[in-house]
Structures are given as structure tokens and as C-alpha cells.
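A look at the structure
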Amino acid sequence: MVIENAKYFNGLLRLEEDYYKSCKAIIRCWEELIDCNDTIAVQFQNALKEHDQNISARTFPKSLVPLQPVFPRRRANL
């Protein structure tokens, strides 16, 4: 019986060690994913900043709403 208990105990220790290794590998992968995400975010910010610097203000309309209505007004007496 002592031998069986020792086998189970050793098996549990191996299981715990494998679990620890798996958790470390998963944590490492998540950290790499977060680093990759941060790098992509920085590159997007830099690209957006560069794009904003290269856009001329003359390409945008002075107003988003037209000064005169596009559609004719309705007649009052229909």
C-alpha cells in the first residue's frame, strides 16, 4: 500500500510540474501576443501621424453642410 501511495504521489507531482510548465508556456504566448499588439498599435499611430502630416487642408471642404440647400423647397400650398 505504501508503494501504491508513493506512485500516486509521484504521479501527482509530475502532473503538477506539467501543469506549471503548460501555464508558463501559455503566459509566455500571451505576453508575446500583447507585445505584438503594442507594436502594431504604435505602428498604426505612427502611420496615422505621418498621414495627417501629409494631408493638405485644402483638400477638405470649408463646411460639411452645404450653404444652400441641395433639394428645392416645398411649396406651402399643396
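This is a predicted model, so every value here is computed, not measured. (Residues numbered from 1 in each chain as written. Predicted model: local features only at pLDDT ≥ 70, side-chain atom pairs only at ≥ 80, totals over all residues. Heavy atoms only, no water.)

1. Focus on the overall build of the protein chain
The criterion, for reference: Numbered from the N terminus, helices here are DSSP runs of H or I no shorter than four residues, and strands are runs of E no shorter than two. Think of it in three bands: residues with accessible area under 20% of the maximum for their type are buried, residues over 50% are exposed, and the middle band is partly exposed, with areas taken using a 1.4 Å probe on protein chains only. Every accessible area reported is derived by Shrake-Rupley at a probe size of 1.4 Å, with residue values counting cover from the shown protein chains alone.
Secondary structure summary: the protein chain contains 1 helix and 0 strands in total. Expressed as a percentage of its 78 residues, the buried residues of the protein chain come to 0%. For the protein chain, the accessible surface area stands at approximately 8,500 Å², while carbon and sulfur atoms represent 61% of it.

2. Some details on a nonpolar patch on the surface
Test applied: Residues forming no salt bridge and having over 30% relative accessible area are the ones grouped into patches, like charges within 9 Å of each other and nonpolar side chains (Val, Leu, Ile, Met, Phe, Trp, Tyr) within 5 Å. For this document, the term salt bridge refers to a Lys or Arg side-chain nitrogen within 4 Å of an Asp or Glu carboxyl oxygen.
Where nonpolar side chains cluster on the molecular surface, the patch consists of Ile26, Trp30 and Leu33 and spans about 340 Å² of accessible area. Within the secondary structure layout, Trp30 lies in helix H1 (residues 2-54). The exposure class of Trp30 is exposed, given its relative accessible area of 53%.

3. Focus on a negative patch on the surface
Rules: None of His or the chain ends enter the tally, which takes Lys and Arg as positive and Asp and Glu as negative. The location of each charge is read from NZ of Lys, CZ of Arg, CG of Asp or CD of Glu.
A cluster of like negative charges, contributed by Glu31, Glu32, Asp35 and Asp38, occupies part of the molecular surface. On the accessibility criterion, Asp35 (48% relative accessible area) is partly exposed.

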